[in-house]
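Remarks on the overall topology
Spelled out, the chains give:
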Amino acid sequence: MYDYDLLVVGSANADLVIGVERRPAAGETVLGSDLTVHPGGKGANQAVAAARLGARTVLLARVGDDDHGRLLLDSQRAAGVDTVGVLVGGAPTGVALITVDPSGDNSIVVSPGANARLTPPDVRIAASLFQASRVVSAQLEIPLETVVEVARNVVDGSRFVLNPSPPRPLPSELLAACDPLIVNEHEAKVILGEAAVGDSPEDWARILLAKGPRSVVVTLGADGALVASKEGVTRVPSVKVNAVDTTGAGDAFTGALAWKLSAGASLVEAAAYAARVGAAAVTKPGAQESFPTAAEVDAV
């Protein structure tokens, strides 16, 4: 019996958001809207997304002993996430500087802060959380050596989900643990590097799969997603919506997919549900504030 459906290990940031008519070119200054501050970070976002949908979720992360850290803890608890694994102190809370244009597209610069101080020993100390969790999810806004340690600590019978964002080449040990590896087009091409041949997501998925993951999911935005495993390659459609803000949509997708896997869904079923969750998330501004409940997903 697992105490948690999902353990998320990853980043927790304060999102500092400014709306702009267009994003500035190099050396250019543009005026924007009033600054707003939202709880964010890929790890914290995925935890909230899953908890809003009904998952029993716990977060392992590090925040600063500051106002941004308290904002993040409050947001997690309000969503129903267990924060027993959130460490406090060591550096200021991570910050993401985000500009959003009228089409909903965004550009993001991240200052890792306390996220960079989440270490392999922190992971090992949290062994009881791994033993209690059916699925473990991670991203790359914390040190790579910490993510490798996360994969090493996933217990037999549990499943490891990785969204390698921001992307970088991954060691074979980490790739081999992924079930699935979840990437968008940009992340797929970075990880593939010189092996990136072919123009179709099916090509990328097959080559990624050959690198060692047990399964691969390629997210395609408004076009849904693609699932690849030893059983073959399957396209998963999305739902057409009017996008307001794409911030956090990938995190909503990953959190939803991880939760559905913990509930026993197949990877194709989980990806189809996650595509609907991601579509619902882009219809509202912000990251965590935009994440839907299960009832809101059913209405999409």
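Residues numbered from 1 in each chain as written. Predicted model: local features only at pLDDT ≥ 70, side-chain atom pairs only at ≥ 80, totals over all residues. Heavy atoms only, no water.

1. Section: helix 10 (residues 267–281)
Along its 15 residues, helix 10 runs 21 Å from first to last C-alpha, staying within 8% of the 21 Å computed at 1.5 Å per residue. Within helix 10, burial applies to Leu267, Ala270, Ala271, Tyr273, Ala274, Ala275, Val277, Gly278, Ala279, Ala280 and Ala281. (Helix = DSSP H or I, 4+ residues; strand = E, 2+ residues; numbered from the N terminus. Expected span 1.5 Å × (residues − 1). Buried < 20%, exposed > 50% of the residue type's maximum accessible area, 1.4 Å probe, protein only.)

2. Regarding a nonpolar patch on the surface
A contiguous nonpolar patch, built from Ile18, Leu35 and Val37 and spanning about 230 Å² of accessible area, is present on the exposed surface. You can see Ile18 is positioned in strand 2 (residues 13–19). We classify Ile18 as partly exposed; its relative accessible area is 31%. (Patch = residues over 30% accessible without salt bridge, like charges linked within 9 Å, V, L, I, M, F, W, Y side chains within 5 Å. Areas by Shrake-Rupley, 256 points an atom, 1.4 Å probe, with all protein chains shown as cover. Salt bridge = Lys/Arg side-chain N within 4 Å of Asp/Glu carboxyl O.)

3. Describing the pairing of strand 8 (residues 133–139)
Look at any regular strand and the pattern is simple: side chains alternate between the two faces of the sheet. The buried fraction of strand 8 is high, at 6 of 7 residues. Across 5 bridges, the pairing between strand 1 (residues 4–9) and strand 8 is parallel. Opposite Leu7, over in strand 8, you have Val136 as the bridge partner. Viewed along the sheet, the connection from strand 8 through helix 5 (residues 144–153) into strand 9 (residues 159–163) turns out right-handed. (Pairing = 2+ DSSP bridges. Right-handed = clockwise from strand over helix to strand, strands pointing away.)

4. Some points on the nonpolar core
Nonpolar side chains tend to gather and get buried jointly when the protein is soluble and globular. Counting 44 residues, the largest nonpolar core has Leu59, Val217, Phe253 and Leu257 as the members making the most contacts within it. Counting residues per element, the ones that place at least two in this core are strand 1, helix 1 (42–53), strand 4 (57–63), helix 2 (67–79), strand 12 (225–229), helix 9 (249–262) and helix 10. In terms of residues, this core owes the most to one element, helix 10, which gives 8 residues. Non-local contacts of Leu257, meaning those with residues more than four positions away in its chain, are made with Pro180, Ile182, Val217, Leu267, Ala270, Ala271 and Ala274. Tyr4, Val136, Ala138 and Trp204 belong to the second largest nonpolar core, which has 42 residues in total. (Core = buried A, V, L, I, M, F, W, Y, C linked by side-chain atoms within 4.5 Å. Contact = heavy atoms within 4.5 Å.)

5. Thoughts on the packing of helix 7 (residues 185–192) against helix 8 (residues 201–210)
Between helix 7 and helix 8, whose axes approach to 10 Å, the crossing angle comes to 45 degrees. Considering the angle they form, helix 7 stands oblique to helix 8. Crossing hand, helix 7 versus helix 8: left-handed. For the pair helix 7 and helix 8, the contacting residues are Glu185, Ala188, Lys189, Ile191 and Leu192 in the first and Trp204, Ile207 and Leu208 in the second. The residue inventory of the contact of helix 7 with helix 8, partitioned by class, reads 6 nonpolar, no polar and 2 charged. (Axes fitted to C-alpha atoms, helices over the stretch in contact; angles between N-to-C directions. Parallel < 35°, antiparallel > 145°, perpendicular 65-115°, else oblique. Left-handed = near helix turned anticlockwise from the far one by under 90°. Nonpolar A, V, L, I, M, F, W, Y, C, P; charged D, E, K, R; others polar.)

6. What to know about unusual backbone geometry
Between Ser165 and Pro166 the backbone carries a cis peptide bond, its omega angle lying at 0 degrees. Within the secondary structure layout, Pro166 lies in the loop between strand 9 and helix 6 (172–177). Omega for the peptide link from Asp179 to Pro180 comes to 10 degrees, which places this bond in the cis form. Positionally, Pro180 belongs in the loop between helix 6 and strand 10 (181–183).

7. Structural notes on the sheet that holds strand 2
Taken together, 4 strands build an open sheet; the order of strands is 3-2-6-7 and the sheet is mixed. Edge positions in the sheet fall to strand 3 (36–40) and strand 7 (106–111), since each has one partner strand and no second. Within the sheet, the average angular offset between the axes of one strand and its neighbour, ignoring direction, is 25 degrees. Relative to strand 7, strand 6 (residues 94–100) runs antiparallel, the two being bridged by 6 bridges. Pairing of Thr99 across the sheet is with Ser107, part of strand 7.

So far we have only geometry, and geometry alone does not tell us how the molecule works.
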